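Breakdown of the fold
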Amino acid sequence: MNLLFDRFDTPIGELTIAGDENGLAHVLFPENRHPARGREHWHYAPGALPEAREQLLQYLHGERSDFDLVLAPHGTPFQLRVWHALALIPFGQTWSYLQLAQELGQPTATRAVGAANGRNPLPIVLPCHRVIGSNGTLTGFGGGLETKAALLRLEQRQAPLFA
């Protein structure tokens, strides 16, 4: 994949975004559990993907609660279904892996849902940070649990009191 990428500082550390004419394909944290495939073919282009950069910064500064971007994640059909379902989790709320699996009509697939969630190439935009353990605990997150907790705190401060 010949993607263009840019890096920029944010309140949660440096983010890297990558995409092409098809849309935004990756949002990366300074450290990621799973490396993005094909990075050796990416081309650094400062200022590339300005709308994605602007919307991410607005979100991280509490000025935006959703995204209006063309997305181009690459994954298996099952992963794509899981990632699409992440966008259904309301801002400021959390779902368990079981709830996410139930949304997909596969309530026994919580482990597969968790694995797909962990491979989400567009964290924040497709809000995998909103998925927690059934007992309410924070579980794995590619950007680290501290970042996951920070994103959830940000949303809880901005979420309306009455939905």
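Presented here is an overview of the structure given in this document. Here the structure is a predicted model, which means the values were calculated and not measured. (Residues numbered from 1 in each chain as written. Predicted model: local features only at pLDDT ≥ 70, side-chain atom pairs only at ≥ 80, totals over all residues. Heavy atoms only, no water.)

Structurally, D9 is set in the loop between β1 (4–8) and β2 (15–20). Look at D9 and you get exposed, because its relative accessible area is 62%. The sequence separation of D9 and L57 amounts to 48 residues, and the corresponding C-alpha distance is 9.0 Å. Residue contacts for D9: discarding those within four places in its chain leaves E14 and L57. (Helix = DSSP H or I, 4+ residues; strand = E, 2+ residues; numbered from the N terminus. Buried < 20%, exposed > 50% of the residue type's maximum accessible area, 1.4 Å probe, protein only. Contact = heavy atoms within 4.5 Å.)

One non-glycine residue, L49, adopts positive backbone phi at about 55°. With respect to the helices, strands and loops of the structure, L49 is situated in the loop between β4 (43–44) and α1 (50–60). Look at L49 and you get buried, because its relative accessible area is 19%. Here the phi dihedral of I124 falls at roughly 75°; this positive angle occurs in a residue that is not glycine.

What follows deals with the sheet that holds β2. Read from one edge to the other, the open sheet built from 4 strands follows the order β3-β2-β1-β4, with strand pairing classed as mixed. Either end of the sheet is taken by a strand with one partner, and the two such strands are β3 (23–28) and β4. Bridging between β2 and β3 involves 5 bridges; their strand directions are antiparallel. Along β3, the bridge assignment pairs T16 with L28. (Pairing = 2+ DSSP bridges.)

Inspection of every chain in the model, using the stated rule, returns 2 salt bridges. Residue R53 pairs with D6 through a salt bridge whose shortest N-O separation is 3.3 Å. Taken together, the residues span a long stretch of sequence, with R53 in helix α1 and D6 in strand β1 at a distance of 47 residues. A salt bridge links E155 to R130, with the nearest nitrogen and oxygen atoms 2.8 Å apart. Within this pair, whereas E155 is found in helix α5 (residues 145–158), its partner R130 is found in the loop between α4 (110–118) and β6 (131–132), the two being separated by 25 residues in sequence. On the accessibility criterion, E155 (1% relative accessible area) is buried. Given a relative accessible area of 5%, R130 falls into the buried group. (Salt bridge = Lys/Arg side-chain N within 4 Å of Asp/Glu carboxyl O.)

Where helix α2 (residues 77–86) meets α4, the closest approach of the two axes is 9 Å, and the angle between their N-to-C directions is 80°. Here α4 runs roughly perpendicular to α2, going by the angle between their axes. On α4, the residues that touch F78, Q79, V82, W83 and L86 of α2 are A112, V113, A116 and N117. Here the contact of α2 with α4 is composed, by residue class, of 7 nonpolar, 2 polar and no charged. (Axes fitted to C-alpha atoms, helices over the stretch in contact; angles between N-to-C directions. Parallel < 35°, antiparallel > 145°, perpendicular 65-115°, else oblique. Nonpolar A, V, L, I, M, F, W, Y, C, P; charged D, E, K, R; others polar.)

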